[in-house]
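Here's the letter readout for the chains.
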Amino acid sequence: MTLRRKLSVLAAAITVLAVIAVAAVLHAVHRTDRKNRPRPGGPAVAAGPVSLGTTAEPLLMFRNLAWGPHRDELATVRAADPDGARTASGVKCLRFHAAAGTGICLRAEHGTLRENYRAVVLDAGLHERATYALPGIPSRARVSPSGALVAWTVFVGGDSYAGADFSTRTGILDLRDGKLITSLEDFTVIRDGADRSAPADANFWGVTFADDRVFYATMATGGHTHLVRGDLRERTVTSVHTNVECPSLSPDGATIVYKKRVEGASADAPWRLYALDPRSMAETALAESRSVDDQVVWSDPHTVVYALPGDYGADLYALPADGSGAPRRLTTAAVAPAYLG
Amino acid sequence: MYVADSRGTAAPDAARSPRSGRRSVLAPSAVAPTVLALGTVSLVTDVSSEMVAAVLPLYLVAGLGLSPLGFGLLDGIYNGVSALVRLVGGHLADRGGRHKTVAALGYGMSAACKPLLLVVGSLPLIGMVLAADRTGKGLRTAPRDALISLSCEPADRGRAFGVHRAMDTAGALLGPLVAFAILRATVDGYDAVFLVAFCIAVLGLLVLLLFVPARPVPLPAQASRPSLRAAVALLRRTDVRRLAGCALLLGLATVSDSFVYLLLQRRLGVADRWFALLPLGTASAFLLLAIPLGRLADRIGRQRVFLGGHFALLVAYVSLLSGADAAWLPCVVLTLHGCFYAATDGVLMAAAAEVVPAELRGSGLALVQTGQALARFVCSIAFGAAWTAFGDRTALTSAAVALTVCATGALLLRPVAERSP
């Protein structure tokens, strides 16, 4: 082939490839317009006043995934009527949790070189109290029952195509003095009664608070996950159980519900929900046959609520925490729930 | 865009301007057209693969709602497979001089993986697509490097690899810019990112097919047939064994990038929000230094520059150990880290090309690369274990001592009888 011939082949190929590439981008831009229009049959969403403060009746707050102008905004529904009309707040978050008038909102902002992620602490009026730059993609968020502590977990890494190796970073922020613990890896690990520094491969995620000193979380090392009880004053984490991820402590402190890798499950859907009594260490399987990849929240001392993949991204389900009953769908197109009031 | 390859199988000499017979630093000869073509292929391909790499974590977590933590396991298993694939790629390329065919197969395989990412929705399947992508990368590396070494003057190899690595790294830096431009213009535009990445990867493959000659140099008639046995017999050659031994020894004391970035954060207090940008620092230094250090290697000897690169790494370790609280120190460490890559990555291939005969070039380069990669893998495991048992300071001190010992050993091995170029 002559050079002229090669160049015309290249020019023709570039033209075809450019048309495909531009069409792909335009298609995605057009989809943006579609997603900003409400879909018929979807949940009704309207902008309105939203607050984290005490309310006349209990509310359920979550990230609204329904198509329309309020997609990805925090929205509330009456806890007694979770599938009813939604009130959208105008505040966008990827992950969210709230307790006692404090909210934690993890969000993404498109930057030039990469995505930028922030943790934003919200007051009762959903105003920003403080913001922190996050080192990775938001995964979990929690507020302590008193509203004094917030915690988050993000995914870090996977930057090189060759090394799709992810790790987690967990941060705990004390709002009373503004002190931020960016890495639980500095805590002393107590395992089998012996103290040691955290292993190099230790990863922490999914904090749940008992009070403003004690918390539970997942620690992974050597290919195994551990339920650890953390002490913020002593700066220790103690391994109390294995094969536990994303624990969630009940309001009365009597039960921890978590996702557990079960044998025989497909690698695609490896987790099932279990409940643990931290005093007797008795473990009970909950009546959900699907794999759950979420950190549950408690709607009352006997019921947990969690998200499962759905048509709009995710739907919320409720399930008794004692192994009885069956899952009940609360609402569609919602994720990252928290109960208010 | 490179367009100067009208002669197809031009002899390397033809590419040089007539007055460059006596080279000087001020008037270097032109870079061989095939090297520029391969550099363009790598640049374009890296734009494509880094586009995907930049958005993949976000796509998995925010787009698909998956927890990507299980990936590490697959990664470890795949390290061994990837090394094997590289050897296979090098050997297949040598048989019948099919470097271009095997490289095209590798590039094509990776290109095909981009749209596949759109149709698979679960972690195991995505893991398989990524594994296929890496198989393609493993297949193409040795034939491509063999082609570079066969397309340029032996005395210019350091620079040729430097040019190639600089273009490669430039593509890697551009990829995320393109990807995030698309994400900003759309909502959840991951499909657009993957499709555009596919188009760019196809373009890279096309540049390879159109502008890289199948045989850069005719092989000598009396050359031995590149059988598997001949490839294994390479290890019986003293100079090959010494060079591979040298790369392996130094690889045993080379702490992996992710540990370097973790140490930067833990020992020098680099803030969390900068963490994701640290690899860009290394890449920028690599990009800027690859060509000058490649040329330096041609002038003062590849072995010296290769060792010098490890000295830069040693200084980086010591800077990390100092734990000094100075804002400029992390910049120094990243520059040294990039300098280490610029002085070792392409330079090692230039040095290996010197000791491996042309008909076994693919196998020979793959052998040296694989030895080095496996040694680094062993080092990562040992370093992680030492960190867990004794803490990061002791682990790093041990690595620095090991690097000093290995460098001394490598110096004693003197793999290449240094030729004055």
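Residues numbered from 1 in each chain as written. Chains lettered and ligands numbered in written order. Predicted model: local features only at pLDDT ≥ 70, side-chain atom pairs only at ≥ 80, totals over all residues. Heavy atoms only, no water.

Novice: I would appreciate a short explanation of the overall build of chain A in the present structure.
Specialist: Helix and strand counts for chain A stand at 1 helix and 27 strands. In terms of overall dimensions, chain A is globule-like: its C-alpha atoms have a radius of gyration of 22 Å, near the 20 Å expected for 341 residues. Once the C-alpha set of chain A is aligned to its principal axes, its extents read approximately 80 × 50 × 45 Å. Every one of the 341 residues in chain A was classed for burial, and the buried ones make up 54%. (Helix = DSSP H or I, 4+ residues; strand = E, 2+ residues; numbered from the N terminus. Rg over C-alpha atoms; globule rule 2.2 N^0.38 Å. Buried < 20%, exposed > 50% of the residue type's maximum accessible area, 1.4 Å probe, protein only.)

Novice: Looking at this model, I keep getting lost on the pattern of salt bridges. Mind explaining?
Specialist: Two side chains with opposite charge may pair up if their charged atoms get near one another. All names here are of chain A. The full count for this structure, using the stated rule, is 30 salt bridges over all chains. The shortest N-O distance in the salt bridge between Glu57 and Arg78 comes to 3.0 Å. With a gap of 21 residues between them, Glu57 in the loop between strand E1 (45–47) and strand E2 (59–64) and Arg78 in strand E3 (residues 73–78) connect regions that are remote in the sequence. (Salt bridge = Lys/Arg side-chain N within 4 Å of Asp/Glu carboxyl O.)

Novice: Looking at this structure, I do not really get the sheet that holds strand E23 (residues 297–300) of chain A. What am I missing?
Specialist: Residues and elements named next belong to chain A. The strand order E23-E24-E25-E26 describes an open sheet built from 4 strands, whose pairing is antiparallel. In the strand order of this sheet, the two ends are held by E23 and strand E26 (328–331), each with one partner. Strand after strand, the sheet turns through a mean of 45° between neighbouring axes, direction not considered. Summarising the sheet, E23 and strand E24 (residues 303–310) pair through 3 bridges and their orientation is antiparallel. Counterpart to Val297 in the pairing with E24 is Val305. (Pairing = 2+ DSSP bridges. Axes fitted to C-alpha atoms, helices over the stretch in contact; angles between N-to-C directions.)

Novice: Would you take a moment to explain the UniProt feature "transmembrane region" (unreviewed entry) in chain B for this structure?
Specialist: Residue and element names in this part refer to chain B. Per the UniProt record, "transmembrane region" (unreviewed entry) is found at residues 25–45, 51–74, 166–186, 192–212, 243–262, 274–293, 305–321 and 396–413. Spanning residues 305–321, this segment combines 100% helix with 0% strand, and its end C-alpha atoms are found 24 Å apart. Across residues 396–413, the secondary structure splits into 100% helix and 0% strand, with the terminal C-alpha atoms separated by 25 Å. (UniProt positions renumbered as here; feature names shortened; annotations may be inferred.)

Novice: Just to check I follow, could you spell out the interface of chain A and chain B for this structure?
Specialist: Buried accessible area, meaning the area lost when the parts come together, often serves as the stated size of an interface. Of the residues lining the interface, 60 residues belong to chain A; the matching set on chain B comes to 63 residues. Taken together, the two surfaces of chain A and chain B that pack against each other cover about 5300 Å², and 68% of this comes from carbon and sulfur. On inspection of chain A and its partner chain B, the count reaches 4 salt bridges. In this structure, the salt-bridge partner of Asp188 of chain B is Lys35 of chain A, at a minimum N-O distance of 3.3 Å. (Contact = heavy atoms within 4.5 Å. Buried area = accessible area lost by both parts, 1.4 Å probe.)

Novice: Can you walk me through the domain arrangement of chain B in this structure?
Specialist: Residues and elements named next belong to chain B. Segmenting chain B into domains produces domain 1 (30–211) and domain 2 (228–413). When each unit is reduced to the centre of its C-alpha atoms, the spacing between domain 1 and domain 2 is 22 Å. Between domain 1 and domain 2 lies a buried interface of about 2500 Å² when both sides are counted; carbon and sulfur atoms form 67% of it. Counting across the domain 1 and domain 2 interface gives 1 salt bridge. When the shortest N-O distance is used, the salt bridge between Arg165 and Asp345 registers 2.6 Å. Applying the counting criterion to the domain 1 and domain 2 interface returns 9 residue pairs in polar contact (both at pLDDT 80 or more). Sort the elements by how many residues they give to the side of domain 1 that touches domain 2 and helix H5 (residues 157–185) lands first, with 11 residues. (Domains from an automatic or database assignment. Polar contact = N/O pair within 3.5 Å; in protein donor to acceptor, adjacent residues only side chain to side chain.)

Novice: How do you make sense of the state of the cysteines when you look at a structure like this?
Specialist: Enumeration over the complete set of coordinates arrives at 1 disulfide over all chains. Between the sulfur atoms of Cys93 of chain A and its disulfide mate Cys105 of chain A the distance is 2.1 Å. In this structure, the disulfide formed by Cys93 of chain A and Cys105 of chain A twists by about -110° around the S-S bond and is classed as left-handed. Within this pair, whereas Cys93 of chain A is found in the loop between strand E4 (86–92) and strand E5 (95–99), its partner Cys105 of chain A is found in strand E6 (residues 102–110), the two being separated by 12 residues in sequence. We note that Cys93 of chain A, like Cys105 of chain A, is buried. The thiol of Cys199 of chain B is unpaired, and the distance to the nearest cysteine sulfur, on Cys113 of chain B, comes to 15 Å. Cysteine Cys406 of chain B remains unbridged, with the sulfur of Cys379 of chain B as its closest cysteine sulfur at 8.8 Å. Given the relative accessible area of 10%, Cys406 of chain B is considered buried. (Disulfide = S-S within 2.5 Å.)

Novice: Whenever I open this one, the packing of aromatic side chains confuses me. Can you help?
Specialist: Between two aromatic rings, the relevant description is the distance of the centres plus the angle of the planes. Inspection of the entire model under this criterion finds 9 aromatic pairs over all chains. On the basis of an interplanar angle of 40° and a centroid distance of 5.7 Å, the ring pair of Phe259 of chain B and Trp387 of chain B is categorised as tilted. Of this pair, Phe259 of chain B sits in helix H9 (residues 257–268) while Trp387 of chain B sits in helix H13 (residues 361–390), placing them 128 residues apart in sequence. For the pair Phe259 of chain B and Trp387 of chain B, a shared accessibility class is recorded, and that class is buried. Ring pairs connect the aromatic residues Tyr59, Tyr190 and Phe194 of chain B, which therefore count as one cluster. Here the basic side chain of Lys259 of chain A rests over the ring of Trp271 of chain A, its NZ or CZ set 3.4 Å away from the ring centre. Over the face of the ring belonging to Tyr274 of chain A we find Lys260 of chain A, whose NZ or CZ atom lies 4.6 Å from the ring centre. (Phe/Tyr/Trp six-rings, centres within 6.5 Å; stacked < 30°, edge-to-face > 60°. Lys NZ or Arg CZ within 6 Å of the ring centre and 35° of its normal.)

Novice: Would you explain the environment of Arg304 of chain B in this entry?
Specialist: All names here are of chain B. Secondary-structure assignment places Arg304 in helix H11 (residues 302–322). Given a relative accessible area of 52%, Arg304 falls into the exposed group. Each C-alpha atom, one on Arg304 and one on Val347, is 9.9 Å from the other, the two residues being 43 residues apart in sequence.

Novice: Looking at this structure, how should I read the confidence of the model for chain A?
Specialist: When pLDDT drops low, the exact placement of atoms in the prediction is not to be read closely. Considering every residue of chain A, the mean pLDDT works out to 90; 96% of them sit at 70 or more. Overall, residues 158–164 of chain A carries pLDDT values under 50, and its contacts beyond four positions in sequence, including any with other chains, amount to 26 contacts. (pLDDT = per-residue confidence, 0-100.)

Novice: Looking at this structure, I do not really get the packing of helix H1 (residues 33–63) of chain B against helix H6 (residues 190–211) of chain B. What am I missing?
Specialist: To characterise two packed helices, one gives the angle between the axes of the helices and the distance between these axes. All names here are of chain B. Between H1 and H6, whose axes approach to 9 Å, the crossing angle comes to 160°. Overall, the two elements H1 and H6 adopt an arrangement that is roughly antiparallel. H1 and H6 meet at a crossing whose hand is left-handed. Class assignment for the residues of the contact of H1 with H6 results in 23 nonpolar, 5 polar and no charged. (Parallel < 35°, antiparallel > 145°, perpendicular 65-115°, else oblique. Left-handed = near helix turned anticlockwise from the far one by under 90°. Nonpolar A, V, L, I, M, F, W, Y, C, P; charged D, E, K, R; others polar.)

Novice: Explanation requested: the packing of helix H8 (residues 238–251) of chain B against H11 of chain B in the structure shown.
Specialist: Residue and element names in this part refer to chain B. Orientation of H8 relative to H11, taken along the N-to-C sense of each, is 10°, at an axis distance of 11 Å. One element, H8, and the other, H11, form an angle in the roughly parallel class. Listed contacts from H11 to Cys246, Ala247 and Leu250 of H8 are Gln303, Phe306, Leu307 and His310. Its residues assigned to classes, the contact of H8 with H11 shows 5 nonpolar, 2 polar and no charged.

Novice: Would you mind showing me how to read the sheet that holds strand E16 (residues 214–221) of chain A here?
Specialist: Hydrogen bonding along the main chain pairs the strands of a sheet, whether they run parallel or antiparallel. All names here are of chain A. Taking strand neighbours across the sheet as the criterion, the 6 strands line up as E14-E13-E18-E17-E16-E15 in an open arrangement whose pairing is mixed. At either end of the open sheet lies a strand with only one pairing partner, and these are strand E14 (194–197) and strand E15 (203–209). Between one strand axis and the next, the sheet turns through 30° on average, direction left out of account. Summarising the sheet, E16 and strand E17 (residues 224–231) pair through 8 bridges and their orientation is antiparallel. Among the inter-strand pairings, Phe215 is bridged to a residue of E17, identified as Gly230.

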